[in-house]
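# Overview (structure and organization)
Letter by letter, the chains look like this.
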Amino acid sequence: MSFPAIQARPGIASCPPGDPASERPPLVVFSSMRWHFDWQRPQQLLTRLAMHYRVFHVEEPRATHRDAWLECSAVADGVELLVPHTRPDAPGLPDDPSRVVAGLLARFLRARGVVAPLAWLDTPAALPLLETLHPRGVVYDCREAPAAAGDDALLQRLLERADVVLAGGPSLYESLR
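Heads up: these notes are all about the structure in this document. Note that this is a predicted model, so its numbers are computed, not measured.

Right, let's get into the nonpolar core. If you look at the biggest cluster of nonpolar residues, it comprises 30 residues, and the most contacted ones within it are Phe30, Leu82, Leu109 and Leu121. In terms of residue count, the dominant contributor to this core is helix α2 (residues 97-111) (6 residues). Not counting chain neighbours up to four residues away, the residues in contact with Phe30 comprise Val58, Leu105, Trp120, Leu121, Asp122, Ala126, Leu129, Leu130 and Leu133. Trp35, Val55, Val79 and Val139 belong to the second largest nonpolar core, which has 11 residues in total.

Across all of its chains, the model carries 2 aromatic pairs by this definition. Between the aromatic rings of Trp35 and Trp39, the centroid separation amounts to 6.0 Å while the plane-to-plane angle is 85°, which identifies the pairing as edge-to-face. When its relative accessible area of 4% is taken as the criterion, Trp35 is described as buried. Residue classification places Trp39 among the partly exposed positions, given a relative accessible area of 48%. Aromatic pair Phe56 and Phe108: ring centres 5.7 Å apart, planes at 80°, arrangement edge-to-face. Residue Phe56 is found in strand β3 (residues 54-58), and its partner Phe108 is found in helix α2; the two are separated by 52 residues along the sequence. On the accessibility criterion, Phe108 (1% relative accessible area) is buried.

Rules and cut-offs
- Residues numbered from 1 in each chain as written.
- Predicted model: local features only at pLDDT ≥ 70, side-chain atom pairs only at ≥ 80, totals over all residues.
- Heavy atoms only, no water.
- Core = buried A, V, L, I, M, F, W, Y, C linked by side-chain atoms within 4.5 Å.
- Buried < 20%, exposed > 50% of the residue type's maximum accessible area, 1.4 Å probe, protein only.
- Helix = DSSP H or I, 4+ residues; strand = E, 2+ residues; numbered from the N terminus.
- Contact = heavy atoms within 4.5 Å.
- Phe/Tyr/Trp six-rings, centres within 6.5 Å; stacked < 30°, edge-to-face > 60°.

Here's what the structure looks like:
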């Protein structure tokens, strides 16, 4: 069974492609934290930035046993929440989840007329998705030290790619230098 490429959660209107907000430059945010988890600094910053940008907040994928699809809902004025739903990893599956998410996101952004957006990441794990966007600028919002040592190569690539790096405190800033 196939789902539409874009669906809105019941009760929350999705921003239509012709919305007046489409005049603002796009900001695509890749977040390791769910929007509805807790109202913290990222949500506070992004809702304020939405006065000047069209904000697309991309969460990490949720598992589904159906064909991949992208859930879209308006969570604040100027902020659309994008939640990819992909099949869980299984041995022998040829599809790389990041490739599936990149395809869903590319179709969505193309439908919205988004080309060369600004990108905001809070995790090096989103770097493969970032590279498919061809962004005109990159912000890395490092709120905490990357946990796994395996992230070192991705972190280094992200630090080299980022135009702006925000550090969550002086000691974190020093560790990223």
